[in-house]
Amino acid sequence: MLRLRIQVATWPRRALILTDTPRPDCSDCDGVGGIEHEYGHPETGEYDGSRWEPCHCWNETRLWTLLPLPAPPRWLRRHRTPVDPWASNEPPF
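The sections below set out a description of the structure shown in this document. Keep in mind that what you see is a predicted model, and the values were worked out from it rather than measured.

Definitions and limits used
Residues numbered from 1 in each chain as written. Predicted model: local features only at pLDDT ≥ 70, side-chain atom pairs only at ≥ 80, totals over all residues. Heavy atoms only, no water. Core = buried A, V, L, I, M, F, W, Y, C linked by side-chain atoms within 4.5 Å. Buried < 20%, exposed > 50% of the residue type's maximum accessible area, 1.4 Å probe, protein only. Contact = heavy atoms within 4.5 Å. Patch = residues over 30% accessible without salt bridge, like charges linked within 9 Å, V, L, I, M, F, W, Y side chains within 5 Å. Areas by Shrake-Rupley, 256 points an atom, 1.4 Å probe, with all protein chains shown as cover. Salt bridge = Lys/Arg side-chain N within 4 Å of Asp/Glu carboxyl O. Helix = DSSP H or I, 4+ residues; strand = E, 2+ residues; numbered from the N terminus.

## What to know about the nonpolar core
Next, step 1: Counting residues in hydrophobic clusters, the biggest one holds 5 residues: Cys26, Cys29, Cys55, Cys57 and Trp58.
Next, step 2: Every residue in contact with cysteine 29, bar those within four places of it in the chain, is listed here: Gly34, Cys55 and Cys57.

## Observations regarding a nonpolar patch on the surface
Next, step 1: On the surface, a nonpolar cluster with roughly 280 Å² of combined accessible area is contributed by Leu2, Leu4 and Trp64.
Next, step 2: Inspection of the secondary structure puts tryptophan 64 in strand 5 (residues 63-68).

## Let's talk about the pattern of salt bridges
Next, step 1: Under the definition given, this model contains 3 salt bridges.
Next, step 2: Between arginine 62 and aspartate 20 there is a salt bridge whose closest N-O contact spans 3.3 Å. In this pair, arginine 62 is assigned in the loop between strand 4 (47-54) and strand 5 and aspartate 20 in strand 2 (residues 15-20), connecting sequence segments 42 residues apart.
Next, step 3: The buried category is assigned to aspartate 20, whose relative accessible area is 2%.

Shown next as structure tokens:
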């Protein structure tokens, strides 16, 4: 049985997609969709990275494009403010 959800994909083009989700009651991955194996450097033992092993309970390549989304207008892409204009440390009175 498919467990579908709607997401926004950004590559290769912005679009709304319908995608499969991991089985929430999976005993292997606990509903995460895979198992992350972290490993250390063989000589120092320090963290050296991780490897993702997808679980058998879902297929991360199963997706369908529902609606292509337009690109943001150029004036909006050029005039990005570094600070959120709605975030403020002033009291609301």
